[in-house]
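Listed below are the residues making up each chain.
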Amino acid sequence: CCVAMAMPMVHLVAHATDLGHPGARAAEMLSLLLASAFVSRILFGALADRIGGLWTLLVGSAGQAAVLASYAFVESFLGLYAISALFGLVFGGIVPAYAIIVRELFPASQAGWRIGAVFLFGTIGMALGGSLGGLIFDLFGSYRTAFLVGGAFNLGNLALIGTLVRRQEQFRPRAILV
């Protein structure tokens, strides 16, 4: 998820200015994205309290995939503002959901190293996403392909999360009706 997550954050300003929008307005788009992500962390925390960490991660990752792909097709000024706000709302709660998932699935005595490992690989994914987006831009001269590749990474992430959700549901104890 972090490969896909990093692409708009790292390349949004360059993408918007390449489309002819003023640099200051492009920077505002990034600020709006990050402000929306702040709000999202609170909303996704409330959602995780109701449906659990894995389901919350699935919802956020599905939203991230859809909104990320839309960056490849929207070029208008207001459209990019709207997508930036939406992207912030769907991506902001994803990383904190991983800590909730570790809390839900593993003993507390293992939480420290497991959360550390998850965030280590998340950081590596973020670095890869930013670098990969730039490399793809250099190869194709457009961020459209980079955003679509990010969407493909997101689809792979959704397949993994979906598998974990199905597995969790399979082993969840069922209530016995008498």
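In short, a report on the structure. Just so you know, these numbers come straight off a predicted model, no measurement behind them.

Quick notes on the overall build of the protein
Then step 1. When you go through the protein residue by residue, the secondary structure sums to seven helices and zero strands.
Then step 2. Reading the protein from its N terminus to its C terminus gives the helix and strand order α-α-α-α-α-α-α.
Then step 3. Against the globule reference of 16 Å for 178 residues, the protein gives a C-alpha radius of gyration of 17 Å, in line with a compact fold.
Then step 4. Here the protein, with 178 residues, has 42% of them falling under the buried criterion.
Then step 5. Contacts spanning at least 24 positions in sequence make up 76% of the contacts within the protein whose residues lie at least 6 apart.
Then step 6. When the accessible surface of the protein is split by element, carbon and sulfur atoms take 71% of a total near 9300 Å².
Then step 7. Here the protein contributes 10 positive and 7 negative side-chain charges, whose respective centroids are spaced 14 Å apart.

Observations concerning the packing of aromatic side chains
Then step 1. On inspection of all chains with the given rule, the structure shows six aromatic pairs.
Then step 2. Relative to Phe147, the ring of Tyr71 lies with its centre 5.2 Å away and its plane at 35 degrees, an arrangement referred to as tilted. With Tyr71 in helix α3 (residues 53-71) and Phe147 in helix α7 (residues 143-171), this pair connects stretches of sequence that are 76 residues apart. For the pair Tyr71 and Phe147, a shared accessibility class is recorded, and that class is buried.
Then step 3. A cation over an aromatic ring shows up here: Arg114 above the ring of Phe106, its NZ or CZ 3.8 Å from the ring centre.

Brief notes about helix α5 (residues 94-105)
Then step 1. In a regular helix each residue adds 1.5 Å, so twelve residues correspond to 16 Å; α5 covers 17 Å between its end C-alpha atoms and thus fits that length.
Then step 2. Along α5, the residues classified as buried are Ile94, Ala97, Tyr98, Ile100, Ile101 and Val102.

Notes on the environment of Val74
Then step 1. Relative to the helices and strands, Val74 resides in the loop between α3 and α4 (77-91).
Then step 2. Given a relative accessible area of 22%, Val74 falls into the partly exposed group.
Then step 3. Sequence separation between Val74 and Glu169 is 95 residues, and the spatial gap between their C-alpha atoms is 37 Å.
Then step 4. Leaving out residues up to four positions away in the same chain, Val74 has contacts with His15, Leu19, Gly79, Leu80 and Ile83.

Regarding the pattern of salt bridges
Then step 1. Applying the stated criterion across every chain yields a total of two salt bridges.
Then step 2. The partner of Arg144 in a salt bridge is Glu75, and the shortest N-O contact between them spans 3.5 Å. With Arg144 in helix α7 and Glu75 in the loop between α3 and α4, this residue pair connects regions lying 69 residues apart in the sequence.
Then step 3. Judged by its relative accessible area of 45%, Glu75 falls in the partly exposed class.

A few points about the nonpolar core
Then step 1. Leu33, Leu57, Tyr71, Phe87, Phe91 and Phe147 are the most contacted members of the largest nonpolar core, which totals 39 residues.
Then step 2. For this core, the element with the most residues is helix α1 (residues 2-18), which contributes eight residues.
Then step 3. Discounting chain neighbours no more than four positions away, the residues touching Phe147 are Met7, Pro8, His15, Leu68, Tyr71 and Ala72.

As for the state of the cysteines
Then step 1. Under the defined criterion, the tally for this structure stands at zero disulfides.
Then step 2. Its sulfur unpaired, Cys1 is 3.7 Å from the next cysteine sulfur, which belongs to Cys2.

Observations regarding the environment of Val149
Then step 1. Mapping Val149 onto the fold places it in helix α7.
Then step 2. Discounting residues that sit within four places of it in the chain, Val149 has contacts with Leu132 and Ile136.

Examining the packing of α1 against α4
Then step 1. At a minimum axis distance of 11 Å, the contact between α1 and α4 shows a crossing angle of 160 degrees. Regarding the angle of α1 to α4, the classification is roughly antiparallel. For the element pair α1 and α4, the recorded crossing hand is left-handed. Seen from α1, the contacting residues are Ala4, Met5, Pro8, Met9, Leu12, His15 and Ala16; seen from α4, they are Leu80, Ser84, Phe87 and Phe91.
Then step 2. Residue composition of the contact of α1 with α4, grouped by class: nine nonpolar, two polar and no charged.

What counts and how
- Here the residue numbers are simple positions, counted from 1 along each chain's written sequence.
- Local features in a predicted model are, by the rule used here, given only for residues with pLDDT of at least 70; side-chain atom pairs are given and counted only at 80 or more, and totals for whole chains, interfaces and linings are based on all residues.
- With hydrogens and water excluded, all non-hydrogen atoms of the structure serve as input to the side-chain values.
- Segments assigned H or I by DSSP are reported as helices when at least four residues long, segments assigned E as strands when at least two residues long, and all are numbered from the N terminus.
- With the radius of gyration taken over C-alpha atoms, the globule rule is written as 2.2 Å times the number of residues to the power 0.38.
- A simple rule labels every residue: compare its accessible area, found with a 1.4 Å probe on the protein chains alone, to the largest value its type can have, and call it buried under 20%, exposed over 50%, or partly exposed in between.
- Residues count as neighbours in contact if any of their non-hydrogen atoms are within 4.5 Å of one another.
- All accessibility values rest on the Shrake-Rupley procedure with a 1.4 Å probe; residue burial counts only the protein chains present in the view.
- Note on charges: Lys and Arg go in the positive column, Asp and Glu in the negative column, and His and the chain ends are not counted at all.
- Note on charges: their place is set at NZ of Lys, CZ of Arg, CG of Asp or CD of Glu.
- Aromatic pairs are defined between Phe, Tyr and Trp rings, using the six-membered ring for Trp, whenever the two ring centres lie within 6.5 Å; interplanar angles under 30 degrees are classed as stacked, those over 60 as edge-to-face, and all others as tilted.
- Only when the NZ of Lys or the CZ of Arg is both within 6 Å of the ring centre and within 35 degrees of the ring normal is a charge said to sit over the ring.
- Here the expected span of a helix is defined as 1.5 Å times the quantity of residues minus one.
- We count a salt bridge whenever a side-chain nitrogen from Lys or Arg sits within 4 Å of a carboxyl oxygen from Asp or Glu.
- Buried residues of nine kinds, namely Ala, Val, Leu, Ile, Met, Phe, Trp, Tyr and Cys, make up a nonpolar core once their side-chain atoms join them within 4.5 Å.
- To count as a disulfide, a pair of cysteine sulfur atoms needs to be within 2.5 Å.
- Here an axis means a line fitted to C-alpha atoms, over the contact stretch when the element is a helix, while the angle between two N-to-C directions is reported on a 0 to 180 degree scale.
- The cut-offs work like this: below 35 degrees is roughly parallel, past 145 is roughly antiparallel, 65 to 115 is roughly perpendicular, and the gaps in between are oblique.
- Whether a crossing is left-handed or right-handed is set by the direction in which the near helix is turned from the far one by less than a right angle, anticlockwise for left-handed and clockwise for right-handed.
- Side-chain classes follow a simple rule in which Ala, Val, Leu, Ile, Met, Phe, Trp, Tyr, Cys and Pro form the nonpolar group, Asp, Glu, Lys and Arg form the charged group, and the remainder, Gly included, forms the polar group.

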